[in-house]
Amino acid sequence: QRQMSITDRPITTFAASDYSVRISCEVKDFDPTQWMDRKMARRTARVTQFAVAATRQALDDAGLTIDGDNRDNVGVVIATGGGGISLAEEGAYVLRDRGPRAVSPLLLPGLMPNAVSCLVSIETGARGPVLTSTLACASGNYSMIEAYHFLQRGEADVIIAGGTESASTPVSFAAVARMGALSSRNDDPQRASRPFDAERDGFVYGEGAAVMIMETEKHARARGAKIYAEVLGGRLTGDAFHITAPDPEGDGAVRAMEGAVEGAGLQPTDIDVIYAHGTSTPLNDGTETKAIRRVFGEHADNLAVTATKSMVGHLMGAAGAVSALAAALTLQERVIPPTINYEYPDPECDLDYVPNQARRAEVDAALVNAFGFGGQNVVLVMKRYSS
């Protein structure tokens, strides 16, 4: 349940000297053979390697062993946005340069998005429900809701849930840069991701994985598990507006937040902290702020709103899982991480964004927002656990 080391630096995974944007948040010094055998590492995409590594760390932290006694009741729900897109690009180059006989027969099973959950299932022996959800930048958040549903329906006792992404490839990176969504602060990468700041100019591409072990309360208590937080459910809505831009009035985000809070049996005033989608793009941050004010009214001024992307970049399909992990730790330790690089207030972003310094606070309920391309809005509700 630990986030791998990520820093804002010039891109090293491919030659980016000719690109208008040359910075990203990469996982540094990652050796997949620490988490799987060398043969498997050669056959899998980096995105899947991240998923396996994060899963092994989560299982270790949870003190959970998967064996013949429980493997049929342990499922896997890991999300991704781009899946093995890196292998798809590499395969295209091989086909172009060396011909069809040089293309690996294992290319397709390596690049298919569901490989991230299937390989975790294979590597751990988990034989319960196995699902890969793909909802662009809302994917990681949705994995937690889908895992919650499996547990609620009694289809598993335990779900390995989270998100993984490694989509910073030459073609995809060029496309997102051309879209104008990325920060162009090439000479100041550490300050490039600045959600809700007046001088934000786009997000920083990230990669990595976050995985948590979700289980029924009965199962967790029976095995004496350390419980970080309780998931109360969530809500998924669609904008029906635009393939990349959010509804400027934030209607879909509003309905998702309202539905999530109501479905959890809470009132808006029960929420203490919001883990914002907070991409650091001019349009998203203003729209999200507007949506929060529409949902919470006067209580919006009492909320702490924090954006993990300020510190780790935008992990796309894994972003919501990172925020959910941080929210779980906040609820346990009652420390809210900051939105860093917040220097210049924006009149259109007028909430308490926990600027620059972590904060201790009496936090009992958290909302986690994730809004993806295509207008997919996913909001998760979590609360502090008390037996």
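The present account deals with the structure reproduced in this document. These numbers were taken from a predicted model, which means no experiment stands behind them. (Residues numbered from 1 in each chain as written. Predicted model: local features only at pLDDT ≥ 70, side-chain atom pairs only at ≥ 80, totals over all residues. Heavy atoms only, no water.)

Notes on the overall build of the chain
At step 1: The number of helices and strands found in the chain is twelve helices and 13 strands.
At step 2: Rg of the C-alpha trace for the chain: 20 Å, near the compact-globule value of 21 Å for 387 residues, within the 12% margin.
At step 3: Each principal axis of the C-alpha distribution contributes one length, and for the chain these read about 65 × 55 × 35 Å.
At step 4: Out of the 387 residues belonging to the chain, those deemed buried represent 58%.
At step 5: Partitioning the intrachain contacts of the chain with sequence separation of at least 6 by distance along the chain shows that 75% fall at a separation of at least 24.
At step 6: Of the roughly 16,100 Å² of accessible surface on the chain, a fraction of 49% belongs to carbon and sulfur atoms. (Helix = DSSP H or I, 4+ residues; strand = E, 2+ residues; numbered from the N terminus. Rg over C-alpha atoms; globule rule 2.2 N^0.38 Å. Buried < 20%, exposed > 50% of the residue type's maximum accessible area, 1.4 Å probe, protein only. Contact = heavy atoms within 4.5 Å. Areas by Shrake-Rupley, 256 points an atom, 1.4 Å probe, with all protein chains shown as cover.)

Examining unusual backbone geometry
At step 1: Unusually for a residue other than glycine, R334 sits at a positive phi of about 55 degrees.
At step 2: You can see R334 is positioned in the loop between α12 (319-333) and β10 (335-336).
At step 3: Here the phi dihedral of V354 falls at roughly 50 degrees; this positive angle occurs in a residue that is not glycine.
At step 4: Residue position: V354 is located in the loop between β10 and β11 (359-360).

A short note on the packing of aromatic side chains
At step 1: In this structure the tally under the stated criterion is eight aromatic pairs.
At step 2: Taken together, a centroid distance of 5.8 Å and an interplanar angle of 65 degrees make the contact between F14 and F173 edge-to-face. Of this pair, F14 sits in the loop between β1 (6-10) and β2 (23-27) while F173 is found in helix α7 (residues 170-179), placing the two residues 159 residues apart along the sequence. F173 carries the same exposure label as F14, and that label is buried.
At step 3: Between the aromatic rings of F173 and Y205, the centroid separation amounts to 5.5 Å while the plane-to-plane angle is 40 degrees, which identifies the pairing as tilted. Here F173, found in helix α7, pairs with Y205, found in the loop between α7 and β6 (208-215); they are 32 residues apart in sequence, far enough to count as distant. Y205 carries the same exposure label as F173, and that label is buried.
At step 4: A network of ring pairs unites the aromatic residues F14, Y19, F173, F203 and Y205 as a single cluster. (Phe/Tyr/Trp six-rings, centres within 6.5 Å; stacked < 30°, edge-to-face > 60°.)

Considering the environment of D188
At step 1: For D188, the position within the fold is in the loop between α7 and β6.
At step 2: Between the alpha carbons of D188 and I23 there is a distance of 9.2 Å; along the sequence they are 165 residues apart.

Section: the sheet that holds strand β9 (residues 304-306)
At step 1: In spatial order, the strands read β7-β13-β12-β8-β9; together these five strands make up an open sheet with mixed pairing. In this open sheet, the two strands that pair with only one neighbour each are β7 (230-238) and β9. Pairs of neighbouring strands in the sheet enclose a mean axial angle of 20 degrees, with direction left out of account.
At step 2: By the bridge criterion, three bridges tie strand β8 (residues 273-275) to strand β12 (residues 365-372) in an arrangement that is parallel. Paired with V273 across the two strands is A366, which belongs to β12.
At step 3: The sheet contacts of helix α10 (residues 282-296) involve β8, β9 and β12, and relative to β12 the element is tilted by about 135 degrees. (Pairing = 2+ DSSP bridges. Axes fitted to C-alpha atoms, helices over the stretch in contact; angles between N-to-C directions.)

Concerning the packing of helix α6 (residues 139-152) against α12
At step 1: At their nearest, the axes of α6 and α12 sit 4 Å apart, and the two run at 60 degrees to each other. Here α6 lies oblique to α12, going by the angle between them. Where α6 abuts α12, its residues G140, N141 and M144 lie against G320, A321 and A324.
At step 2: Across the contact of α6 with α12, the residue classes tally to three nonpolar, three polar and no charged. (Parallel < 35°, antiparallel > 145°, perpendicular 65-115°, else oblique. Nonpolar A, V, L, I, M, F, W, Y, C, P; charged D, E, K, R; others polar.)

So, the sheet that holds strand β5 (residues 158-165)
At step 1: The strand order β4-β3-β5-β6 describes an open sheet built from four strands, whose pairing is mixed. Both edges of this open sheet fall to β4 (130-131) and β6, since each of them pairs with a single strand only.
At step 2: One ladder, built from six bridges, connects strand β3 (residues 74-79) with β5; its direction is parallel. Bridge pairing links A79 to G163 in β5.
At step 3: Where helix α5 (residues 115-124) meets the sheet, its contacts fall on β3, β4 and β5, and the angle it forms with β3 comes to roughly 145 degrees.
At step 4: Where α6 meets the sheet, its contacts fall on β3, β4, β5 and β6, and the angle it forms with β5 comes to roughly 170 degrees.

Remarks on the nonpolar core
At step 1: Ranked by size, the top nonpolar core spans 43 residues in total, and within it M144, I159, M214, V273, L380 and M382 carry the most contacts.
At step 2: Within the residue set of this core, elements represented by two or more residues are α6, β5, β6, β8, α12, β12 and β13 (376-383).
At step 3: With nine residues, the top contributor of residues to this core is α12.
At step 4: Here L380 is in contact with N141, M144, I145, V231, G233, G234, A324, A366, L367 and V368, once residues within four sequence places are set aside.
At step 5: Counting residues in each nonpolar core, the second largest holds 30 residues, with L303, V305, C349 and Y353 among its members. (Core = buried A, V, L, I, M, F, W, Y, C linked by side-chain atoms within 4.5 Å.)

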